[in-house]
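# Structural features, examined
Chain residues, written in single-letter form:
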Amino acid sequence: MISQLTERNTVKGWNCSMKDIHECLLASPTHNTIKLWGQHGTRSKAPSLKKVEAHGRLIFPAQANLRLCLLLTMVANQEIMDKDRLVTAIEQDMSDELNLKTRKYLRGDGANLETLRDKKLKGQLAVREKLYGQSAKAAAKAEKWLMPTEEGYLEPEGLEKTWMVKQESILREVDVISSRKPFDMILPELGPYNLEYASSGRYMLVGGRKGHLAMMDMMSMDLIKEFQVRETVRDVVFLHNEQFFAVAQKKYPYIYNRHGTEIHCLQEHGAPLKLQFLDKHFLLASVNKFAQLHYQDVSTGVIVANYRTGLGRTDVMRVNPYNAVIGLGHSGGKVTMWKPTSVKPLVTMLCHHGPVTAVAFHSGGQLMATAGMDRKIKLWDLRKFGVLNTYSGHAQTMDFSQKGLLAIGNGSRVQVWRDSGNQEYEKYMSHAMVKGYQIGKVSFRPYEDVLGIGHSMGISSILIPGSGEPNFDTWVANPYETTKQRREKEVHALLDKLQPETIMLEPSKIATVRPPRRKERPTKKETEEEMEAAVEAAKSITFKKKTKGRNKPSKRAAKKEEEVLKAKRPFLEQQMNNDKPLKKQRIVEAELPKALQRFSRKKAS
Amino acid sequence: MKSYRFVRQNPAKPNALPLPPSPDSVSSCFSRWRFCLFERWKERLRSEQVHGRMKVKVISRSTEEFTRERGQDLQKVFRNYDPKLRNHEKAVEYTRALNAAKLEKIFARPFIGAMDGHIDAVSCMAKNPNHLKGIFSGSMDGDIRLWDIATRKTVCQFPGHQGAVRGLTSSTDGEMLISCGTDCTVRLWKVPLLKMMDSSESDEDYSKPLAVYVWKHAFWAVDHQWDGPLFATAGSQVDIWDHNRSEPINTFEWGKDTVISVRFNPGEPDVLATSASDRSITLYDLRMSSPVRKLIMRTKTNAICWNPMEPMNFTAANEDCSCYSYDTRKLDEAKVVHKDHVSAVMDIDYSPTGREFVTGSYDRTVRIFPYNGDHSREIYHTKRMQRVFCVRYSCDGSYLISGSDDTNLRLWKAKSSEQMGVLLPRERKKLEYLDAVKERYKHLPEVKRIVRHRHLPKPIYKAAALRRTMIEAENKRDLRRRAHSAPGSMPVQPFRKRRIIKEDE
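Nothing here was measured: the structure is a model prediction, and the numbers come from that model.

What follows concerns the UniProt feature "repeat: WD" (unreviewed entry) in chain B. All names here are of chain B. Mapped onto this structure's residue numbering, the UniProt feature "repeat: WD" (unreviewed entry) falls at residues 115-157, 158-191, 338-369 and 381-422. In the segment residues 115-157, helix accounts for 0% and strand for 56%; the C-alpha atoms at its two ends are 14 Å apart. In residues 338-369, helix accounts for 0% and strand for 56%; the two terminal C-alpha atoms are 7 Å from one another.

Glancing now at the UniProt feature "domain: BING4 C-terminal" (unreviewed entry) in chain A. The feature "domain: BING4 C-terminal" (unreviewed entry), as annotated in UniProt, sits at residues 427-507 of chain A in this numbering. Counting secondary structure, residues 427-507 of chain A comes out at 16% helix and 31% strand; the distance between its end C-alpha atoms is 32 Å.

On to the interface of chain A and chain B, then. When the parts of a complex come together, some accessible area is lost, and that lost area is often used as the size of the interface. Listed per partner, the contact involves 68 residues of chain A and 57 residues of chain B. Elements represented by at least two residues in the side of chain A that touches chain B include exactly α4 (66-106), α5 (119-146), β3 (153-155), α6 (167-173), α7 (176-179), β4 (183-186), β8 (222-228) and α8 (483-495) of chain A. At five residues, α6(A) tops the list of elements feeding residues into the side of chain A that touches chain B. Residue composition of the side of chain A that touches chain B, by class: 33 nonpolar, 15 polar and 20 charged.

Before going further, it helps to examine helix α10 (residues 553-579) of chain A. Taking 1.5 Å per residue, 27 residues should reach 39 Å; α10(A) reaches 37 Å between its end C-alpha atoms and fits that length. The largest bend in α10(A) is about 35 degrees, located at R569(A), with the proline P570(A) one to four residues further on.

As recorded in UniProt, the sites labelled "domain: Sof1-like protein" (unreviewed entry) are residues 414-500 of chain B. Along residues 414-500 of chain B the backbone is 62% helical and 1% strand, and the end-to-end C-alpha distance reaches 32 Å.

Further remarks concern the pairing of β8(A). On a regular strand, each side chain points to the face opposite its neighbour's, so the side chains alternate between the two faces of the sheet. Residue and element names in this part refer to chain A. Pairing analysis gives six bridges linking strand β7 (residues 212-217) to β8, with the strands arranged antiparallel. By the bridge assignment for β8, M216 is matched with L223. Here β7 folds back onto β8, and the loop between the two strands holds four residues, one of which, M221, carries a positive phi near 55 degrees.

All names here are of chain A. L406 and A407 are the most contacted members of the largest nonpolar core, which totals 95 residues. Considering every element that reaches this core, the biggest residue donor is strand β21 (residues 356-361), with five residues. Leaving out residues up to four positions away in the same chain, L406 has contacts with A360, A369, M398, F400, V416, W417 and Y425.

Residues and elements named next belong to chain B. The four strands are arranged β12-β13-β14-β15 in an open sheet whose pairing can be described as antiparallel. Two strands bound the open sheet, and with one partner strand each, they are β12 (221-224) and β15 (250-252). The mean angle between the axes of side-by-side strands here comes to 20 degrees, regardless of whether they run parallel or antiparallel. Bridge count between β12 and strand β13 (residues 230-234): four bridges; the pairing is antiparallel. Its bridge partner lying in β13, V222 is registered against T233.

Reading guide: rules and limits
Residues numbered from 1 in each chain as written. Chains lettered and ligands numbered in written order. Predicted model: local features only at pLDDT ≥ 70, side-chain atom pairs only at ≥ 80, totals over all residues. UniProt positions renumbered as here; feature names shortened; annotations may be inferred. Helix = DSSP H or I, 4+ residues; strand = E, 2+ residues; numbered from the N terminus. Contact = placed C-beta atoms within 7 Å. Nonpolar A, V, L, I, M, F, W, Y, C, P; charged D, E, K, R; others polar. Expected span 1.5 Å × (residues − 1). Bend = angle between axes of the 7 residues up to and from the residue. Pairing = 2+ DSSP bridges. Core = buried A, V, L, I, M, F, W, Y, C linked by C-beta atoms within 7 Å. Buried ≥ 20, exposed ≤ 12 C-beta atoms within 10 Å, placed from the backbone. Axes fitted to C-alpha atoms, helices over the stretch in contact; angles between N-to-C directions.

Here it is in structure tokens:
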């Protein structure tokens, strides 16, 4: 650009000065393009720095005072340099952040293409990897710029601690909509209450021990349906959407619709203690009084599996959301994990000395929390089934939030723990109910910073900033779902219903190749080559020069031969072993009773 | 979403208390539930003095911002691509792939309709390059017809040939149709325009040929140059004709046997390939006085087609149930051997995209092969379709037309489960997605089984099994013979070379 302009201006006799500018610009590290416009006005005008900032280059009128121009250019350059430094720092930060986010969307490392020998496959995979990278980057950018809601947080002032903050003071600070979310509902008559949120977090199901069932819309705080079954209710669970729910009653589990009409009585399950619903598989799992685990497909009505756990009666049952494996906590301190296609548990872990009282799974699938009567709360790494941390404390009920907070209900107190980095959980918030209330169930509300508490005197909810995922996905779980969307989603969910066989400890292993089991024996050729190399190495050994008859050529040759033999020996031995026929299994002749001995085969003499 | 750090409940009354859930919203039967909204809190709130200011924010969404304003608006959609929200991703994808494979099988209805009209077997066809929906067909009784594919009706007939019509082709501009037959004549016809086709009123008489050239031998095939005024006929020799000359301008001969097919190269207008009943495939260049190259195979080649996108390659439909793709520059071995038919392959035509070709066979089936695949991707058959003598792709590559012994032309979809007609963008995206997951999981046994399965008519199934047995037996025999002969006396030849006898220059 500059050289062109120089040429243009040479005609006008600006040759020398232009060169100066040129040199000056070359000297500065970030030299900007200078444009000289012959057509612009005749008056010398100081170029505005705004323009510089906007375009990153200086525009002067042609007849401007050159010295002034030069000065301004240098000043502007300095400023631009500073700005550049700042901008690059910010850009660096931003790109780091984007990289971090991109990693999340890449879902693990790409294939190692270097080891591939097939060029065609390599090319195809390279294209695929590139596409993965692009889509991950796009997703990361979308996350950075397009998310409508921000995460909640709680930052205390000065020396204050987060766990000292009371609900009242939080309530004072938050907006109107949020301030309506915490409440205490005192229902003293119908016994300890159980509660369950729908997957979108909009609806809540409440079940009182003495037969009180209610469904609420938590967004408008409307009661949708309330009725009494006049029977023990042990657990309540939503099915695939808020239209249906299952209730573990005295003798059988029942399925009701949202109008409270009984749809099914699932007699095969027996008297259930706990229910869980696997929404992707449409499986309703229950564990009954006889410690039998039942899986029933609610879309077809088929009982998929019925297994005896054989470890005694238990009502500690949670489904791991990551892989849909069911964890059961037993009175012997064991935690077992089940899938519908195996009779035996996939995993049996001895977690506590004493009965297990609560189990909770982190949504990432790698973390499990267990609590036992032995006054221990343990965090487990589910990849190696080892304990990460042990804390002392009792817990009747536990729950992980979407963002990984752990709520622990004990007596009339609720504690919320937070990961302080490196999977060290520490106290984040605590809340005390009225003395004497016994907490039976804590459950985080999805996509909200709310913890629901079911206790002996009703239900409550409190605000836990930073517990929920701030941004929902309309096609995954939509709190603002319309009827049409719900119907559409139901059809799609049924089309994508997973078969029970897809439940496994590591669900990302589907459609991957199983690694070869045994290490293959080296082929004959390979061993021969190895032997030859060893022999060559042995031959090339140089011996020390010995004196007095020990350095005779014959001795040296013998020594060398010995070395070679030594090198060969292990290979030859191995070969002999390989060549040896497998040991014949000796048929142990059973000692026959005397009466039958004459029928035994005669030994070849 | 606006999110303020210190949002007060009510800006007008900064010290007002949060409102309890209004009792009006609770139905009467719910009144048993007492809302005891922090009575104790109220007092504390008033008494407690404001000391340290902590920062608190909780998620709060106003319904207005997440729902549409008016009924006619579109629903608002919010996305969060976080993998944590989607469990069992791979299992879901696999299930979708499986369902897509099943659906593809359910919707596979390739046969569109038959075009009835000829009174003898259909022997040859030609595309009409000017009209997407026009096709010419010639039959064994000397009848030539122009069909409208959209209505599946005859538009126009060209009577005149005494014996069978063996070759049909149209000129590059689409205005002229050239036919030849066993009555030793070449006839040039004027092709009616599209408008005439629709109104079916013609002031001109298309049933009279523009010219009739009588020559000294019966003709087996004709093909027009892709770009130029010449056309070539095949009979006992190869003749090159001009439109306006009643005698061939050039004649080629290599051997004494009848030439049965001829095709011009789409890229190089002067190059043509022929096949003859002496099992040879010969390449000619019109700029030279003699043939260029000759390849002799073990069996006769019935038809040849050049790949329109890679014009140096051609595929030969052979009598031994296979098709052989050759590179013109390297005729000593076939690039690919396409095996699947169980009887002689009678005709072959490439898709305009050059990625696939269709073959018609004496075993009463039509198959579609990928240009580089050794097995067919699709087989079409009906109970009534007899020996297929000619097949053509439509000019847009989405339909196939086959002509067979049972006097009918049949119209097929090139992709058997494709949805015809205009697709909405959402539909198209969905189909693309399903194709992608099918592609991704195609190696898994269940998906593979469903995608690969084709129902075969019993005779074909049996013939294929028989052929397999024969080939296996032959291989075994070869193996044994090799084992019992001197080492090196029977070199192993790949199948790509085995069927070639020699290459002449």
